[in-house]
Amino acid sequence: MISGVHHVSLNVADAAESRRFYVDVLGFTERPDRPDFPFAGSWLQVGDQQVHLLEVPDFVPPKGQHFALHVTDLDSVRTDLIERGVEVSEPSPIGDICLQCFFTDPTGNLIELNQPL
């Protein structure tokens, strides 16, 4: 049986720049167990999930494709990101389910902040 998502893999144009963004700005931690692949990248940990960055030069992310990060205080996370120079959309409600807003990583991958209501 499927019990959950192990990791999400993201193509990024510059692995080092993206690693800095995910670690220094978003607070993910780098995992030490990434094998020595023949391409640049990082394995990152956020909560119980992993995000794997794979360098693909000249990669252009597809429109609309994104992943969501669970937050308990969207306003404070959004403010912190803005103070760090990240452009973050205004929060919007999705019915009575959640609040969400969006930003992009250095490659342009779309990321959602999601606060359940």
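Higher on the page you've got the structure.
Residues numbered from 1 in each chain as written. Predicted model: local features only at pLDDT ≥ 70, side-chain atom pairs only at ≥ 80, totals over all residues. Heavy atoms only, no water.

### Topic: the packing of aromatic side chains
Taken as a whole and judged by the stated rule, the model has five aromatic pairs. Their ring planes at 5 degrees and their centres at 5.2 Å tell us that phenylalanine 37 and phenylalanine 39 sit as a pair that is stacked. A centroid spacing of 6.2 Å and a plane angle of 50 degrees characterise the contact between phenylalanine 37 and tryptophan 43, whose relative ring orientation is tilted. With a relative accessible area of 31%, phenylalanine 37 lands in the partly exposed category. Joined through ring pairs, the aromatic side chains of Phe21, Tyr22, Phe28 and Phe103 make up one cluster. (Phe/Tyr/Trp six-rings, centres within 6.5 Å; stacked < 30°, edge-to-face > 60°. Buried < 20%, exposed > 50% of the residue type's maximum accessible area, 1.4 Å probe, protein only.)

### Regarding the environment of serine 42
Position of serine 42 relative to the elements: it lies in strand 3 (residues 41-46). A relative accessible area of 3% means that serine 42 is categorised as buried. Sequence separation between serine 42 and glutamate 55 is 13 residues, and the spatial gap between their C-alpha atoms is 8.9 Å. Other than its neighbours up to four places away in sequence, serine 42 contacts Arg19, Glu30, Arg34, Val51, His52 and Leu53. A distance of 3.2 Å separates polar atoms of two side chains, one belonging to serine 42 and the other to glutamate 30. (Helix = DSSP H or I, 4+ residues; strand = E, 2+ residues; numbered from the N terminus. Contact = heavy atoms within 4.5 Å. Polar contact = N/O pair within 3.5 Å; in protein donor to acceptor, adjacent residues only side chain to side chain.)

### A short note on the sheet that holds strand 4 (residues 49-55)
Across a sheet, paired strands are connected by hydrogen bonds in the backbone, their directions being either parallel or antiparallel. Spatially, four strands are ordered 1-4-3-2 in an open sheet, and the strand pairing comes out mixed. Every interior strand has two partners, whereas the edge strands, strand 1 (7-12) and strand 2 (29-30), have only one. Alignment of strand 1 against strand 4, held across six bridges, turns out to be parallel. Bridge assignment links asparagine 11 to a residue of strand 4, and that residue is leucine 54. (Pairing = 2+ DSSP bridges.)

### Regarding the sheet that holds strand 6 (residues 92-94)
Taken together, the four strands give an open sheet; going across it, the order is 5-8-7-6, and neighbouring strands pair in mixed fashion. At either end of the open sheet lies a strand with only one pairing partner, and these are strand 5 (66-70) and strand 6. Shown here is a sheet whose adjacent strand axes are inclined to one another by a mean of 35 degrees, direction ignored. As paired strands, strand 7 (residues 98-104) and strand 8 (residues 110-116) are joined by seven bridges and run antiparallel to one another. Counted as the bridge partner of glutamine 100 is asparagine 114 from strand 8. On top of the sheet, helix 2 (residues 74-83) reaches strand 7 and strand 8; it is set at about 150 degrees to strand 8, its chief contact. (Axes fitted to C-alpha atoms, helices over the stretch in contact; angles between N-to-C directions.)

### Re the nonpolar core
If you look at the biggest cluster of nonpolar residues, it comprises 21 residues, and the most contacted ones within it are Tyr22, Leu53, Leu81, Val86, Phe103 and Leu113. Looking at this core, the elements with two or more residues in it are strand 1, helix 1 (15-25), strand 4, strand 5, helix 2, strand 7 and strand 8. Of the residues forming this core, the biggest block, four residues, is contributed by helix 1. The contact partners of valine 86, leaving out residues within four places of it in the chain, are Phe21, Val25, Leu81 and Phe103. (Core = buried A, V, L, I, M, F, W, Y, C linked by side-chain atoms within 4.5 Å.)

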